[in-house]
Amino acid sequence: MGVSSVVLLPYAPSSVAVARQRLSTDLQDSGVFSAAIDDAVLVVSELLSNALRHAHPLPSGMVRVAWLRSDDHIEVAVSDGGAATEPRAGRPTLSSLGGRGLGIVEYVAESWGVRHDGDTTTVWAILPAPNGSVNSANGQVAALREAG
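Conventions we followed
Residues numbered from 1 in each chain as written. Predicted model: local features only at pLDDT ≥ 70, side-chain atom pairs only at ≥ 80, totals over all residues. Heavy atoms only, no water. Helix = DSSP H or I, 4+ residues; strand = E, 2+ residues; numbered from the N terminus. Buried < 20%, exposed > 50% of the residue type's maximum accessible area, 1.4 Å probe, protein only. Expected span 1.5 Å × (residues − 1). Arc of directions from axis to C-beta. Pairing = 2+ DSSP bridges. Axes fitted to C-alpha atoms, helices over the stretch in contact; angles between N-to-C directions. Contact = heavy atoms within 4.5 Å. Salt bridge = Lys/Arg side-chain N within 4 Å of Asp/Glu carboxyl O. Core = buried A, V, L, I, M, F, W, Y, C linked by side-chain atoms within 4.5 Å.

Peer 1: Explanation requested: the overall build of the chain in the structure shown.
Peer 2: Summing up its helical and strand segments, the chain has four helices and five strands in all. The order of α-helices and β-strands along the chain, N terminus first, is β-α-α-β-β-α-β-β-α. Out of the 148 residues belonging to the chain, those deemed buried represent 41%.

Quick look at the structure:
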C-alpha cells in the first residue's frame, strides 16, 4: 500500500494548482518516478478542469479530489455534482480551442471511467506508477510534449 489522500477544494480554477501540488508532493515523498508523477498531475489537472468547466459543485459547494497509490499504480478521481452530459473523450478538429482533456486522459491512463452515486459523479483514471529514480518507460507526458 502507499499514499492515499482525499482533498475537498473550492469550486474554483485556483483549486487545480492546489490539487497538482498536493498530488505531486505526496507521490514524490513515496518514491514514484518523476515521469509517472508528471502523468498523474496532468490527468488530475484535466479531470479537475473538466469538472470546473462542465459540472456543478458538490452540495457543499466543493469538488473532491482523491488519489490512491497501491503497488505500481495510482488511481486518481475527481468528484463533482454532475452535469447535463456524460463525460466522454472528444475528437476535436485541429483548429478547436478545447475538447482534448479526456482524450489526453485516455492516452496517458491505463484505464478511466465514470461512476455515479446519487447526485455525485466521479471521473477516475488508473495510471502506472513504478518506484525509482531513473527514466520511466511510462513517461508519456514527454511524448505528448514532443508531439506538440
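Peer 1: Before we go on, may I ask you to explain helix α1 (residues 14–29) in this structure?
Peer 2: With 16 residues, α1 should cover 22 Å at 1.5 Å per step; its first-to-last C-alpha distance of 23 Å lies within 8% of that length. Residues Ser-15, Val-16, Ala-19, Leu-23, Ser-24, Asp-26 and Leu-27 constitute the buried set of α1. Down the axis of α1, the buried set is contained in an arc of 165 degrees. They therefore lie on one face. More than 90 degrees from the buried face of α1, the exposed residues found are Ser-14, Gln-28 and Asp-29.

Peer 1: Would you explain the sheet that holds strand β4 (residues 111–117) in this entry?
Peer 2: In a beta sheet, neighbouring strands are held together by backbone hydrogen bonds and run either parallel or antiparallel to one another. With respect to topology, five strands assemble into an open sheet ordered β1-β2-β3-β5-β4, the strand pairing being antiparallel. Bordering the open sheet on either side are β1 (4–10) and β4, each of which pairs with just one other strand. Recorded for the sheet is a direction-independent mean angle of 15 degrees between the axes of neighbouring strands. Its contacts with the sheet put helix α2 (residues 34–54) on β1, β2 (62–70), β3 (73–80) and β5 (120–128), and the angle it makes with β3 is roughly 15 degrees.

Peer 1: Just to check I follow, could you spell out the pattern of salt bridges for this structure?
Peer 2: A side chain of one charge can pair with a side chain of the opposite charge if their charged atoms are brought near each other. With the rule as written, the count across this model stands at one salt bridge. A salt bridge links Glu-75 to Arg-115; the nearest nitrogen and oxygen atoms lie 3.4 Å apart. Remark: Arg-115 occurs in strand β4 and Glu-75 occurs in strand β3; sequence separation between them is 40 residues. Relative accessible area serves as the criterion here: at 40%, Arg-115 is assigned to the partly exposed category.

Peer 1: It is not clear to me how the environment of Leu-9 should be interpreted in this structure. Could you clarify?
Peer 2: Within the secondary structure, Leu-9 sits in strand β1. Each C-alpha atom of the pair Leu-9 and Val-65 lies 7.6 Å from the other, and the pair is 56 residues apart in sequence. Those residues in contact with Leu-9 that lie beyond four places of it in its chain are Ser-15, Val-18, Ala-19, Leu-48, Met-62, Val-63 and Val-65.

Peer 1: Whenever I open this one, the nonpolar core confuses me. Can you help?
Peer 2: Considering soluble globular proteins, one finds that nonpolar side chains tend to be buried as a cluster. Grouped together as the largest cluster of nonpolar side chains are 33 residues, with contacts concentrated most on Leu-23, Val-43, Leu-47, Leu-48, Val-65 and Val-76. Looking at this core, the elements with two or more residues in it are β1, α1, α2, β2, β3, α3 (101–108) and β5. Broken down by element, this core gets its largest block of residues, 11 residues, from α2. The residues touching Leu-23, leaving out its near neighbours within four places in the chain, are Ala-40, Val-41, Val-44, Trp-67 and Val-76.

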